Amino acid sequence: MYELIVIGGGPGGCAAALRAAQGGLSVALFEPRQVGGTCLNRGCVPTKALLHGAGPGCDWPALAAEVERVVSTLRAGQEKQLRAAGVELIPYRAVVTGPHTVEAGGAAYEAAHILVAAGSEPALPPIPGLDTPGVVTSDGLLSDLRPLDRLAIIGGGVIGVELACVWAAAGARVTILEAAPRLLPTLERELGQSLAAQLRQDGVEVFTGAGVTGVAPGPAVAFTHRGEAYRLEADAVLVATGRRPATGGLFAGDLLPELERGFLRVDGQFRTSIPSLYAIGDAIGGAMLAHKAEAEGRFVADLLLGRTPLRGVAPIPACVYTSPELAQVGLTADEARARGIPCAAGKCVLGGNARTLIEGGKRGFVKLVFHRESRALLGAQLCCYRATDLISELALAVTLELTAEQLLRPVRPHPTFGEAISEAVEAAFPLS
Ligand code: NAI
């Protein structure tokens, strides 16, 4: 009998298991594949390693070996940390058989609490021909790293644009087919628009408002754009149109917590409709991001330890590791206005930022959105070098509801990208 059983060894499950065990609970973690989940093994980490290493004439076997070195180093570290904390790692797929029981590898296990952190898997849209050889999801593309002359990507979301950058940097002719009117439709408008302009400058073909009608052998993608029909031949077709919760087959018999569009429904404390059963991460929906899952995992662990959870409810930053990088946190000006919040927005264009010019400046900006009356920071949207690092300062400010005046108090060093933050604050509340 454990105090906590965690199902799924991705960032959320590992964070929860580690913190609960460090706090003194007896914990078992069930993971049939590799510890680290999608993020470490088939997602964020390999993609970022590829973005770092890909370039013209790149040596693909060496790059694949470097990705494997990074991933396996992190994975070994993660496993060591879990074992050192006393977490029992059980390498089987677990099925929840009751409010306090799971079955895995032919054995039954019991726990006071069960946490489902089962993650997500690529979702395929209803496009005919997706079973054609050469059509892959991100799992397939990342597990067989090789040069491609021509890569077609269905879906211009986060996975689509990041992997477009990898293969484009390595010299492939890349085409993105996005159904929505702009790339990255879930992010602030100008982020997707700026990225599309930059990608086009870098030689990537971008079709927004594209209607993919099918994939034929070749593979060749048939699509329509502004009333015209096109046929695009490629060495590989990447389908990156979103992910769905990996909750299928997780519950035995008629034991089924409430679901909403396949996602587990939870309350403000990540409890499902079965009181001893918690759920976090991609399996509950919202932003499907490693750091969201981690924050939620720590929250549940703290709750079970009887501590006041410190994390898990703050605004979740979103980062896109393209060139330039994109990042956002909190509300956009459009979202604030739609909620009837009076806002003041300030924008600093990075054309005059010394560090940007020194580093070969691509287009970029920092946008900040404030409450017009309280002057508290509501949100930030960044398109620039190091956006994914700069966003942490702004996530702190949004979380603590810092005001424009408070944001101007620290002296930001020169020459840095961060100076743009001071300028954007001043642009939101000009002196005259
Ligand atoms: P996504 O939801 O970000 O993007 C999917 C895109 O495909 C959308 O723009 C959508 O309009 C488009 N689409 C849907 N059906 C289509 C169709 N039939 N034809 C053409 N376009 C179509 O999903 P994505 O990129 O698959 O990523 C999955 C999840 O993984 C995301 O929720 C994301 O948060 C996460 N992720 C995060 C990363 C990061 O934080 N840097 C990196 C990669 C993934």
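- With an unreviewed UniProt entry as reference, the protein chain is termed Dihydrolipoyl dehydrogenase, source organism Flavonifractor plautii 1_3_50AFAA.
- UniProt, in the comment section headed Sequence similarities (unreviewed entry), describes the protein chain in these words: "Belongs to the class-I pyridine nucleotide-disulfide oxidoreductase family."

Remarks on the site of the ligand
Point 1. The full set close to the ligand counts 21 residues, and Ile159, Glu162, Glu178, Gly242 and Cys319 are the nearest of them.
Point 2. One of the backbone N or O atoms of Ile159 is found 2.9 Å from an oxygen atom in the ligand.
Point 3. One of the side-chain nitrogen or oxygen atoms of Glu162 is found 2.9 Å away from a nitrogen atom of the ligand.
Point 4. Summarising the interface, the protein chains cover 77% of the accessible area of the ligand, which totals 850 Å² for the free molecule.
Point 5. At the level of elements, helix H6 (158-169) and strand E10 (173-178) are the ones that each hand at least two residues to the shell around the ligand.
Point 6. Sort the elements by how many residues they give to the shell around the ligand and H6 lands first, with three residues.
Point 7. Taken together, the residues that form the shell around the ligand break down as 12 nonpolar, five polar and four charged.

Overview of the UniProt feature "domain: Pyridine nucleotide-disulphide oxidoreductase dimerisation" (unreviewed entry) in the protein chain
Point 1. Under the feature "domain: Pyridine nucleotide-disulphide oxidoreductase dimerisation" (unreviewed entry), the UniProt entry names residues 316-424.
Point 2. Summarising residues 316-424: 32% helix, 28% strand, and an end-to-end C-alpha distance of 21 Å.

Looking at the environment of Gly203
Point 1. Note that Gly203 resides in the loop between helix H7 (189-201) and strand E11 (205-208).
Point 2. Look at Gly203 and you get exposed, because its relative accessible area is 53%.
Point 3. With 160 residues separating them in the primary sequence, Gly203 and Gly43 have C-alpha atoms 25 Å apart.

What about the nonpolar core?
Point 1. Core analysis: the largest hydrophobic core is formed by 47 residues, its most contacted members being Ile5, Val27, Phe30, Leu82 and Val102.
Point 2. When residues of this core are assigned to their parent elements, the largest contribution, six residues, is made by helix H1 (residues 11-22).
Point 3. Those residues in contact with Val27 that sit more than four places away from it in its chain are Tyr2, Leu4, Val6, Ala17, Ala20, Ala21, Gly86, Val87 and Glu88.
Point 4. One finds Ala49, Ala172, Val174 and Ala236 within the second-largest nonpolar core, a separate group that totals 45 residues.

Rules behind the numbers
- Residues numbered from 1 in each chain as written.
- Predicted model: local features only at pLDDT ≥ 70, side-chain atom pairs only at ≥ 80, totals over all residues.
- Heavy atoms only, no water.
- UniProt positions renumbered as here; feature names shortened; annotations may be inferred.
- Near = heavy atom within 4 Å.
- Polar contact = N/O pair within 3.5 Å; in protein donor to acceptor, adjacent residues only side chain to side chain.
- Areas by Shrake-Rupley, 256 points an atom, 1.4 Å probe, with all protein chains shown as cover.
- Helix = DSSP H or I, 4+ residues; strand = E, 2+ residues; numbered from the N terminus.
- Nonpolar A, V, L, I, M, F, W, Y, C, P; charged D, E, K, R; others polar.
- Buried < 20%, exposed > 50% of the residue type's maximum accessible area, 1.4 Å probe, protein only.
- Core = buried A, V, L, I, M, F, W, Y, C linked by side-chain atoms within 4.5 Å.
- Contact = heavy atoms within 4.5 Å.

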